[in-house]
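Structural characterization, general
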Amino acid sequence: MPSIDDRHQAYVRRLAEYSQSHLLAFWHELDSGQQEQLLDDLDQIDFARCTSPIEAYIRNRPAVRIPDTIEPPTTFPIEPSPDQAEQYAAARRAGADAIRAGRVAAFMVAGGQGTRLGFDGPKGAFRISPIRQAPLFQLFAESLLGVERRYRHRPRWYVMTSPANHADTADFFARHNFFGLSPDDVLFFTQGQMPAFLPDGRIALAEKHRVALGPDGHGGSLRALAESGALADMRRRGIDTISYFQVDNPLVQTIDPLFIGLHLLTGSEMSSKAVHKAHDLERVGVFCVADGKLAVIEYSDLPEELARARNSDGTRRFDAGSIAVHVLSRDFVERLTAAGSTIQLPWHRADKKLPVVNERGELITPASPNIVKLEMFVFDAIPLARNPLVLYTRRDEEFSPVKNAEGADSPATTRRDLVRRAARWLESCGVGVARSADGEPAQPIEVSPAFALDADDLREQLKSHPLPQAGKPMLLAS
Ligand code: UTP
C-alpha cells in the first residue's frame, strides 16, 4: 500500500495532466484523515473517461440532435389480436419455462440519490405499503417469493447501489433478514461515480477534502454489471436473461413470463414495457423509431407537433411512454461492456444547484444552478440492441413510481394505486369491496406480492385461503 505522501505526489502529477490541480488546493490545511478521504475520493474518478465529456457536454452545451426521421414503433398490444393469441400463449409458456429453469434473474437499480423524495436513507427503505407499511425493498423481495411459489424456482436478485447508499442498503436487508430471502439469493454491487463539474470544466469540491461525486446514472448499470463481476456470476449460474426494474415502482412485475417469453421468442436483445401516454405532453420518455432504430426520446426532446400528432383513426401517433422496465440478454450486456468495446452510451447533462467550495475555501450555497452533472440513461442502449421490442402494459396494473415527496408520483399516489389495484383484483375474484361515494375503496387493502402476483394468482390463492371481509382493512399476506 503506497503511503499518503506517495499517493499525494502521484495525484499532483496526474491532476496537473488533466488541469484539475485545484482539487489539492487545500491539501496542507487538511488533517491526515481528511487527506486520506480526499485521496479516496480521487481514486473514484476515472479522469481519462472525463476528458471528452468535459469538452462535449460541460464547456459546450450539446445541441439536441433531432433525428432526420421519427416514426412510431411497432408494439405488442396489452391484449393480443386474434392472430397474436397463439404467439402470446407460446411466449407465456417459454417465459415460464425459462424462469423455472433458472435462466432469469431480477435486476434492481437502486443507486439513485432520491433527492426529490428527500428521504433520509436508501429509497428502498421507504415504507410504502398501505397496511403493513412494508418498505419498497420488502415488496420486491416478496414478489420474488411469489415467483418462487408459482414457478418452483427462486430467482437470483442483483441489486445495484451507489457508494453513498451501499452500506445502508446492505445493512437494511440484513436487519430485516432479507425479507424472507436468503443472503445467498442477493448480490449487491455498487455503480460508478461521476464528479460534478463547474461550468468551466473543473471538478467541484463539496468540502475542502471531499470531491462532489454522484452516481453515473442508471445507464451506468451496464458497466457496473460487468465490472462488479455480476455478469460473470450470471454466466456461472446459467442465467442468460436479466429482468430490469427500478427501486421506486412497487407495482412492477419483477419477473413477467409473457414479457420474458416475447423477448426470448423474438430474439430481442433488449425489450421494454410501455404504457399509453396519459396525455399528449405527459413528461415521460416516448418510444419511437429514430433514423431507423428503436429509441426512447425524452419528452423535452420530442417536438410538440409530434407529441400531439394523431393517426387517421384519431389515436395518438407517439403514444408509448417508457416505464423503465426492461429485459436484457446477458450476451448483449457482455457485448456492450467487453474489454476494448468502443461503445459508450451518451451522457445527459443536468444543471443543478449544489453547495461547493470556492477558490478561497468558502462554502458557497448557490441561488441558481452552479454545477453540471452527467448521467447515462439505460434506455440509450435500446438502439444498440438487435430486434428490440416494446410491449404495452396497463399503467394501473404495473406503474406508479415514488419520485416526489408530495403531489404526482408521491407516496400518496403510489399507496392509492396499490389499494386500487388490490380492490380491482379482489372484485375480479368475486370478493365485495366497500367503496365510498367517490368510488375509492372505503377500507385499506393490501395484497402482499408473496401472496399473489396478479388477479389470476389471487383467484387461485383464494381457493385455499379465507376470504377477507368487506368493510375491515383487508390484508392478504402469507
Ligand atoms: P431517478 O431518475 O428517479 O433518480 O431514478 P433518483 O436519483 O432516484 O431520484 P432524484 O432524481 O434524485 O429525485 C430512477 C431509478 O434509477 C435509479 C434510481 O435508484 C431509481 O431506481 N438510479 C438512478 C440509479 O440506480 N443510479 C443512478 O445514478 C440514477
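The structure presented is a predicted model; accordingly, all values stated were derived computationally and were not measured.

Quick word on the packing of helix α7 (residues 220-227) against helix α11 (residues 330-337)
One way to put it is that α7 packs onto α11 with a least axis distance of 9 Å and a crossing angle of 90°. On the basis of their axis angle, the class for α7 and α11 is roughly perpendicular. On α11, the residues touching L222, R223, L225 and A226 of α7 are V333, L336 and T337. Across the contact of α7 with α11, the residue classes break down as 5 nonpolar, 1 polar and 1 charged.

Notes on α7
Looking only at α7, the buried set comprises G220, S221, L222, A224 and L225. Two residues or fewer after α7 comes G229, characterised by a positive phi angle close to 90°.

Describing the pattern of salt bridges
Under the counting rule described, the total for this entry stands at 51 salt bridges. Residue R59 pairs with E55 through a salt bridge whose shortest N-O separation is 2.5 Å. With R59 and E55 both in helix α3 (residues 47-59), this residue pair falls 4 residues apart, about one helical turn. Owing to a relative accessible area of 45%, R59 belongs among the partly exposed residues under this scheme. Among the residues examined, E55 registers a relative accessible area of 40% and is labelled partly exposed. With a closest N to O distance of 2.9 Å, E282 and R395 form a salt bridge. Taken as a pair, E282 in the loop between β10 (270-276) and β11 (286-290) and R395 in helix α12 (residues 395-398) lie far apart in primary sequence, 113 residues in all. The exposure class assigned to E282 is buried, which follows from its relative accessible area of 13%. A single network of salt bridges, built from pairs that share partners, joins R149, R150, D454 and D457.

What about the packing of helix α13 (residues 411-428) against helix α14 (residues 455-462)?
In contact at an axis separation of 9 Å, α13 and α14 are set at 55° when each is read in the N-to-C sense. With respect to α14, the element α13 is oriented oblique. Between α13 and α14 the crossing geometry is right-handed. Of the residues in α14, those touching α13 at W425, L426 and S428 are A455, L458, R459 and L462. Looking at the contact of α13 with α14, its residues break down into 5 nonpolar, 1 polar and 1 charged.

Regarding the site of the ligand
Around the ligand, 19 residues are found, and the nearest of them are G111, T115, R116, Q191 and G217. Within the backbone of G112, one N or O atom sits 2.9 Å away from an oxygen atom of the ligand. Within the side chain of K403, an N or O atom sits 2.8 Å from an oxygen atom of the ligand. Notes on the ligand: free accessible area 560 Å², of which the protein chains cover 89%.

A few points about the side chain of D417
With respect to the helices, strands and loops of the structure, D417 is situated in helix α13. At a separation of 3.0 Å, a polar atom in the side chain of D417 contacts the side chain of R416. Those residues in contact with D417, other than ones at most four positions away along the chain, are L251 and S400.

Cut-off values and rules
- Residues numbered from 1 in each chain as written.
- Predicted model: local features only at pLDDT ≥ 70, side-chain atom pairs only at ≥ 80, totals over all residues.
- Heavy atoms only, no water.
- Axes fitted to C-alpha atoms, helices over the stretch in contact; angles between N-to-C directions.
- Helix = DSSP H or I, 4+ residues; strand = E, 2+ residues; numbered from the N terminus.
- Parallel < 35°, antiparallel > 145°, perpendicular 65-115°, else oblique.
- Contact = heavy atoms within 4.5 Å.
- Nonpolar A, V, L, I, M, F, W, Y, C, P; charged D, E, K, R; others polar.
- Buried < 20%, exposed > 50% of the residue type's maximum accessible area, 1.4 Å probe, protein only.
- Salt bridge = Lys/Arg side-chain N within 4 Å of Asp/Glu carboxyl O.
- Left-handed = near helix turned anticlockwise from the far one by under 90°.
- Near = heavy atom within 4 Å.
- Polar contact = N/O pair within 3.5 Å; in protein donor to acceptor, adjacent residues only side chain to side chain.
- Areas by Shrake-Rupley, 256 points an atom, 1.4 Å probe, with all protein chains shown as cover.

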